[in-house]
Amino acid sequence: MTTQVNKTEQEWRQELSPEQYAVLRGKGTERPFTGRFVDTKDNGVYRCAGCGAELFSSDTKFDSGSGWPSFTEPKNTENVELHEDRSHGMVRTEVTCKSCGGHLGHVFDDGPGPQGQRYCINSCSLDLDTSAN
Ligand code: FE
């Protein structure tokens, strides 16, 4: 089940930190190796920092060397949406939270898992819930 979250830009600005707002609502990218979850090995479920939707399991997190938290797959493919992104002179696939529309990062096809995918996600788009898995 996916809950649709619709908030005004003013509400998002009040709820999110400036960095979270720039990434989630402005499709920004945090600088590599600066996010709080880059090297995190704790078990749990990574939730959307905007709306709390379950996005990634720590079981699928791996060290990509990219400087951003990286996952082989979403916890539930129905909780994310993929969009073609032609910004910055590149063709990439953007990953957003289906529930709130927040920008999470991008997915690339050079990952290590069976699907060969690397979900490259901004730390500040995520919260780690260590009570779930
Ligand atoms: Fe969300």
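Here we summarise the structure given alongside this text.

Thresholds applied
- Residues numbered from 1 in each chain as written.
- Predicted model: local features only at pLDDT ≥ 70, side-chain atom pairs only at ≥ 80, totals over all residues.
- Heavy atoms only, no water.
- Donors = N, O, S within 2.8 Å, 3.2 Å for Na, K, Ca; no water.
- Tetrahedral: all angles 85-135°; square planar, octahedral: opposite > 155°, others 65-115°.
- Buried < 20%, exposed > 50% of the residue type's maximum accessible area, 1.4 Å probe, protein only.
- Pairing = 2+ DSSP bridges.
- Helix = DSSP H or I, 4+ residues; strand = E, 2+ residues; numbered from the N terminus.
- Core = buried A, V, L, I, M, F, W, Y, C linked by side-chain atoms within 4.5 Å.
- Contact = heavy atoms within 4.5 Å.
- Polar contact = N/O pair within 3.5 Å; in protein donor to acceptor, adjacent residues only side chain to side chain.

1. Digging into the coordination of the iron ion
In an ideal tetrahedron of four donors about a metal, each angle is 109.5 degrees. In an ideal octahedron of six donors, the angles are 90 or 180 degrees. Cys48 (SG), Cys51 (SG), Cys97 (SG) and Cys100 (SG) make up the full set of protein donors to the iron ion, lying at 2.3 Å. Viewed at the metal, the four donor atoms of the iron ion are separated by angles of 101 to 115°, and the geometry they form is tetrahedral. In this structure Cys48 comes out as buried when scored by relative accessible area, which is 2%.

2. Quick look at the pairing of strand S5 (residues 80–85)
In the sheet, S5 pairs with strand S6 (residues 92–97) via six bridges, with the strands oriented antiparallel. What sits directly across from Glu81, in S6, is Thr96. What sits between the antiparallel neighbours S5 and S6 is a turn of six residues, in which His88 has the positive phi angle 60°.

3. Let's talk about the nonpolar core
In this structure, Leu55, Phe56, Leu104, Ile121 and Leu126 are the most contacted members of the largest nonpolar core, which totals 22 residues. Breaking this core down by element, the ones donating at least two residues are helix H2 (18–25), strand S1 (45–48), strand S2 (54–57), S6, strand S7 (103–108) and strand S8 (118–121).

4. Quick word on the environment of Lys61
When you line up the elements, Lys61 lands in strand S3 (residues 61–62). The exposure class of Lys61 is buried, given its relative accessible area of 15%. Sequence spacing of Lys61 and Thr72 is eleven residues, and the spatial spacing of their C-alpha atoms is 6.6 Å. Those residues in contact with Lys61, other than ones at most four positions away along the chain, are Phe37, Val38, Asp39, Thr40, Tyr46, Pro69, Ser70 and Phe71. A distance of 3.1 Å separates the side chain of Lys61 from the backbone oxygen of Val38, its partner in a polar contact. Within the local environment of Lys61, its side chain forms a polar contact with the backbone oxygen of Thr40, the two atoms lying 3.1 Å apart.

Read these as layout, nothing more, since geometry by itself doesn't imply function.
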